[in-house]
Amino acid sequence: MRKLQYALLILCFICPQMAWGQRRFEMAEHWEYQLQRLNDFTTNDVGNKTDVFWGLHTSQYAGSHHLLGFSVEGSWTAFLNNMPQAKILPGGGAAGLHLLYEYQYSGLLFQTGVGVNYQRVYNNVTDTSIYHYNMHDTWEGVNDVEFTLKHDFYHRRDFAHQLYGQVPLYIGHYLLSPAGVGYWMAGVHFNYAFWGGTKQQLEGSTMGQYEAYLGIWREMDNHGFRKDVPIERKGDKLNLKLDVMAHAEMGYEITTYHGPHNYRVTAASRTDVRVRLAAFVDMGILNICPQTNNVFYDTPMETIYDFPTYRMDHVFSTADAKAFWLRNLYAGIRMTVLIGFPGNEHCILCDPWRH
C-alpha cells in the first residue's frame, strides 16, 4: 500500500512537468512562426504605408500617403505696378481650378499638379490732356484763324481678362492640436497667360483756344468741339511674360478618418477623404509687363474731330509702360478635396487566424 502511494505521488509530479514542457514547445514554435512572418513582411513588403511602423496600424497623419484630388479658389486680384499713369485699384476677381497630386510623409506635405486660373482686372488711369498747336479753323464764313486744339480724356478705366495655365510646387506641414487639424503650405507656381482680351472705357472732350479771341470755345459741334463723349475700345490680350508666383496658405482640414485602426480593418474605416479650407496669398516675383510700342492715345490728324477714329491701347500694353514693372497679386479662399490611397496594412500583433 505504501509503495502504491509513492507511485501516485511520483506520477502527480511528473505529469504537470511533461504538460508544461509541451506547452513551452508549442509557444516557442508559435513565436518562431511570428518572427518569420515579421521578417518576410519587412523584407518583402517594401513600400507598404505601415512599414516604417513595423506593421502597426496607425493614423492617417503618420507614415507615407499618396493623395489625388482637386482645388477650387476665388480671390480678389490686382496688377501691382509703379507706372504713374496707372492706379492699382479697383482691381478685380479671379477663380481657379487645379488637379492635384500630394505626397505625405508623416506631417510633411508635398503638392504639385496642373490648373487654370481666370482673372478679370480693372485699373483706373489718370486723366490726360493732348494739345495740338497752330490749328486752322476752316469753318465756312470764318476767316482762317489759328487756334490751339485741346483733347481731354478722363474717367478712364482699363480692363483686362486672361486665362492662365499654372503648375504649382508647394511644401507644407500639418499643425496637429487638440482643437483639430490645421496645416500650412508655401511654395511657388508657374503662371502663363495664354488667352485673353482688353477693353478701355473713358470719356473725351475737345475745346479750342483762339489767341485772336477771348476765352475758350466749348460744345460747338459745328467747329468740332464736343463734351463728355463716351469712348470704348476693345483690344487683344496683354502679352504678359511668364510669371513665377510666391504662394502661401494656411487653413483647416476635415477628414473621414475615424480613429486608429485595429486588426479588424474595414473599408469604411480606411476611407481617406480630406477636405481643406484655407486663406491664401499669391504674389508675382517677376516683372511681367509687356514690351510693346503701342501708343497711349492716337488722334489721327485727318480725322482729328472724329472720336470713333481715335485709337488707344491698354495702359500696360503701351510704350509708356516699358520702363516700369508689373506684378500679379491674389488674396482669397481655397478649398481642396483629396482622396488618399493607403497601402496594404498588416497586423503583426495578431495570431495566425486573424492576420
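For the structure, see preceding data.
We now turn to the structure provided with this report. All residue numbers refer to positions counted from 1 along the written sequence of the respective chain. Residue-level local features of this predicted model are given only where pLDDT is at least 70; pairs of side-chain atoms are given and counted only at 80 or more, and the full residue set underlies all totals for whole chains, interfaces and linings. Calculated side-chain values reflect all of the structure's heavy atoms, with hydrogen atoms and water omitted.

**Some remarks on the overall build of the chain**
Part 1 of the reasoning: Each helix is a run of DSSP H or I of at least 4 residues and each strand a run of E of at least 2, with the numbering of both proceeding from the N terminus. Of the regular secondary structure elements, the chain holds one helix and 11 strands.
Part 2 of the reasoning: Each helix (α) and strand (β) of the chain, taken in turn from the N terminus, gives the series α-β-β-β-β-β-β-β-β-β-β-β.
Part 3 of the reasoning: Relative accessible area decides the class of each residue, using a 1.4 Å probe on protein chains only: under 20% of the type maximum gives buried, over 50% gives exposed, and in between gives partly exposed. Evaluated residue by residue, the chain yields a buried proportion of 40% over its 355 residues.
Part 4 of the reasoning: A sequence separation of at least 24 residues applies to 77% of the contacts in the chain between residues at least 6 apart.
Part 5 of the reasoning: To measure how exposed things are, a 1.4 Å probe is used in the Shrake-Rupley method; for residues, cover is taken only from the protein chains shown. When the accessible surface of the chain is split by element, carbon and sulfur atoms take 62% of a total near 19700 Å². Here a residue-residue contact requires only that any non-hydrogen atoms of the pair lie within 4.5 Å.

**Considerations on the environment of Asn 124**
Part 1 of the reasoning: Relative to the elements of secondary structure, Asn 124 occurs in strand E3 (residues 108–125).
Part 2 of the reasoning: Taking the C-alpha atoms as reference points, Asn 124 and Phe 159, 35 residues apart in sequence, are found 8.9 Å from one another.
Part 3 of the reasoning: Residues within four places of Asn 124 in sequence aside, it is in contact with Gln 85, Ala 86, Lys 87, Leu 89, Pro 90, Arg 156 and Arg 157.

**Points about the pattern of salt bridges**
Side chains that carry opposite charge are capable of pairing whenever their charged atoms lie near each other.
Part 1 of the reasoning: Within this document, salt bridges are pairs made up of a side-chain nitrogen of Lys or Arg and a carboxyl oxygen of Asp or Glu, the two lying within 4 Å of each other. Counted by the stated rule, this structure contains seven salt bridges.
Part 2 of the reasoning: The closest approach of N and O atoms between Asp 158 and Arg 156, which form a salt bridge, is 2.7 Å.
Part 3 of the reasoning: For Asp 158, a relative accessible area of 0% corresponds to the buried category.
Part 4 of the reasoning: A salt bridge links Arg 311 to Asp 313, with the shortest nitrogen-to-oxygen separation between them at 3.5 Å.
Part 5 of the reasoning: Three or more residues are tied together by salt bridges with common partners; here these are Glu 102, Glu 253 and Arg 276.

**A look at the packing of aromatic side chains**
Part 1 of the reasoning: When the centres of two rings from Phe, Tyr and Trp lie within 6.5 Å, Trp using its six-membered ring, the rings pair. Their planes under 30 degrees apart give stacked, over 60 give edge-to-face, and anything left gives tilted. Per the stated rule, a full pass over the model turns up 10 aromatic pairs.
Part 2 of the reasoning: Measuring from ring centre to ring centre gives 5.9 Å for Phe 79 and Phe 316, while their planes differ by 85°; the resulting arrangement is edge-to-face. You can see Phe 79 sitting in strand E1 (residues 64–81) and its partner Phe 316 sitting in the loop between strand E10 (273–284) and strand E11 (326–340), a full 237 residues away along the chain.
Part 3 of the reasoning: On the basis of relative accessible area, Phe 79 is assigned to the buried category, the value being 0%.
Part 4 of the reasoning: Taking the centre distance of 6.4 Å and the plane angle of 25° together, the rings of Tyr 103 and Phe 110 count as stacked.
Part 5 of the reasoning: Criterion for a charge above a ring: Lys NZ or Arg CZ within 6 Å of the ring centre, and within 35 degrees of the ring normal. Note that Lys 199 overlies the ring of Phe 159, its terminal NZ or CZ placed 5.7 Å from the centroid.

**A word on the side chain of His 189**
Part 1 of the reasoning: By the secondary structure assignment, His 189 is in strand E6 (residues 180–210).
Part 2 of the reasoning: For His 189, a relative accessible area of 2% gives the class buried.
Part 3 of the reasoning: Pairing of N or O atoms within 3.5 Å defines a polar contact, subject to two protein rules: one partner must be a possible hydrogen donor and the other a possible acceptor, and residues neighboring in sequence count only if both atoms are side-chain atoms. Within the local environment of His 189, its side chain forms a polar contact with the side chain of Tyr 170, the two groups lying 3.0 Å apart.
Part 4 of the reasoning: Leave out the neighbours within four places in its chain, and His 189 touches Gln 166, Val 167, Pro 168, Tyr 170, Asp 243, Val 244, Met 245, His 247 and Asp 282.

**A look at the nonpolar core**
Part 1 of the reasoning: To define a nonpolar core, start from buried Ala, Val, Leu, Ile, Met, Phe, Trp, Tyr and Cys residues and group those joined through side-chain atoms within 4.5 Å. Ranked by internal contacts, the top residues of the largest apolar core, which has 29 residues, are Phe 79, Leu 240, Val 315, Phe 316 and Leu 326.
Part 2 of the reasoning: Looking at this core, the elements with two or more residues in it are strand E2 (86–105), E3, strand E5 (145–177), E6, strand E8 (229–236) and E11.
Part 3 of the reasoning: Of the residues forming this core, the biggest block, three residues, is contributed by E5.
Part 4 of the reasoning: Beyond its immediate chain neighbours, meaning those up to four positions away, Leu 240 contacts Phe 79, Gln 162, Tyr 164, Tyr 192, Ala 193, Ile 288, Pro 290 and Leu 326.
Part 5 of the reasoning: In this structure, Tyr 61, Tyr 170, Met 185 and Ala 278 belong to the second largest nonpolar core, which totals eight residues.

**Here we look at the pairing of E2**
Part 1 of the reasoning: Note: two strands are recorded as paired if DSSP finds a minimum of 2 bridges between them. Bridge count between E1 and E2: 14 bridges; the pairing is antiparallel. Among the inter-strand pairings, Trp 76 is bridged to a residue of E2, identified as Gly 93.
Part 2 of the reasoning: Once E1 ends, the chain turns through four residues before running back antiparallel as E2.
Part 3 of the reasoning: Direction of pairing for E2 relative to E3: antiparallel, over a ladder of 17 bridges. Within E3, the position partnered with Tyr 103 by the bridge is Phe 110.

**Some details on the environment of Thr 148**
Part 1 of the reasoning: Counting through the fold element by element, Thr 148 comes out in strand E5.
Part 2 of the reasoning: You can call Thr 148 buried: its relative accessible area is 11%.
Part 3 of the reasoning: Distance in space between the C-alpha atoms of Thr 148 and Tyr 133 is 4.6 Å, their sequence separation being 15 residues.
Part 4 of the reasoning: Setting aside residues no more than four positions away along its own chain, Thr 148 makes contact with Tyr 131, His 132, Tyr 133, Met 207, Gly 208, Gln 209 and Glu 211.

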